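Next come the chains, spelled out residue by residue.
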Amino acid sequence: MTTTLLLGLTVMAGAQTTPATSAPASSGTVNKAIKFVLAQDLIKTTTVDGKTTEQVVLAPKTVLPNDILREEVTVTNISGKALNTVYVGIPVPKGTEFSGQATPGNERWKLLYSVDNGKTYAATPTRTVTVTENGKSVTKQVAAPTNTYTNVRWTVATLKKDESLKLSFRVKVK
């Protein structure tokens, strides 16, 4: 079985924001302030003589169950000035599940996830479960499994004039 996957992208900068949606290996602009290029690449892992290497297949036409894909967005500030609080959000493509790997947060940007299709975000999303403890039914919040994540979002504090950032995460094809 082969599958072709599509994904969307939301990029917002400061108070003057407009979401943008795109398909794989596409590009566009948001409010003429941010240019984005979105790519979906296949990651093939091989082991030879005990050494594991990765090969990147750019924009594969088809994928198979259990293939690993890299969802990567290149965000470029084309506004002519620094932009503050830039949100870069990518949904986990349908037919895949988040693998747990993403460009990590750092002093310049935060990495957050959603389990409710982008309505809310958290560093570690939670879900409500009901369990039996000491013979009683108890409802509590627990960390949601990474394979239930629906969206990945980076909040970039400042995107400098003419600066480009590459942000990515990996998914496994179901």
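Residue indices follow the written sequence of each chain, beginning from 1 at its first position. The predicted origin of the model limits local features to residues at a pLDDT of at least 70 and limits the giving and counting of side-chain atom pairs to 80 or more, whereas totals for whole chains, interfaces and linings rest on all residues. Side-chain calculation: all heavy atoms of the structure are included, whereas hydrogens and water are not.

Going along the chain from the N terminus, every DSSP run of H or I of four or more residues is numbered as a helix, and every run of E of two or more is numbered as a strand. Counting secondary structure elements, the chain contains 0 helices and 12 strands. The order of helices and strands in the chain, counted from the N terminus, is β-β-β-β-β-β-β-β-β-β-β-β. Sorting the 174 residues of the chain into buried and exposed places 37% on the buried side. Exposure was quantified through the Shrake-Rupley algorithm and a 1.4 Å probe, taking into account, for residues, occlusion by the shown protein chains and nothing else. On the chain, roughly 9800 Å² of surface is accessible, and the fraction owed to carbon and sulfur atoms is 51%. We call a residue buried when its accessible area falls under 20% of the maximum for its residue type, exposed when it is over 50%, and partly exposed in between, using a 1.4 Å probe and counting protein chains only.

In short, DSSP must find at least two bridges between two strands for them to pair. In this structure, strand β9 (residues 126-133) lies alongside strand β10 (residues 136-143), joined through 8 bridges in antiparallel fashion. Each bridged residue has a counterpart across the sheet, and for R127 the counterpart in β10 is V142. In this antiparallel pair of consecutive strands, β9 and β10, the connection spans 2 residues, and N134 shows a positive phi of 55 degrees.

Let's shift gears to the side chain of E163. With respect to the secondary-structure elements, E163 resides in the loop between β11 (151-159) and β12 (164-173). Here the side chain of E163 touches K160 through a polar contact of 2.8 Å, landing on its backbone nitrogen. The residues touching E163, leaving out its near neighbours within four places in the chain, are V75, T76, N77, R108 and T158. Under this definition, polar contacts are N or O atom pairs within 3.5 Å; protein pairs additionally need one hydrogen-donor-capable and one acceptor-capable atom, and for neighbouring residues in sequence, both atoms have to be side-chain atoms. Contacts are residue-level and defined by heavy atoms, with any inter-residue pair within 4.5 Å sufficient.

As a further point, take the environment of V138. Within the element layout of this structure, V138 appears in strand β10. Overall, the relative accessible area of 27% leaves V138 in the partly exposed class. Setting aside residues up to four positions removed in sequence, V138 forms contacts with V129, T130, V131 and E133.

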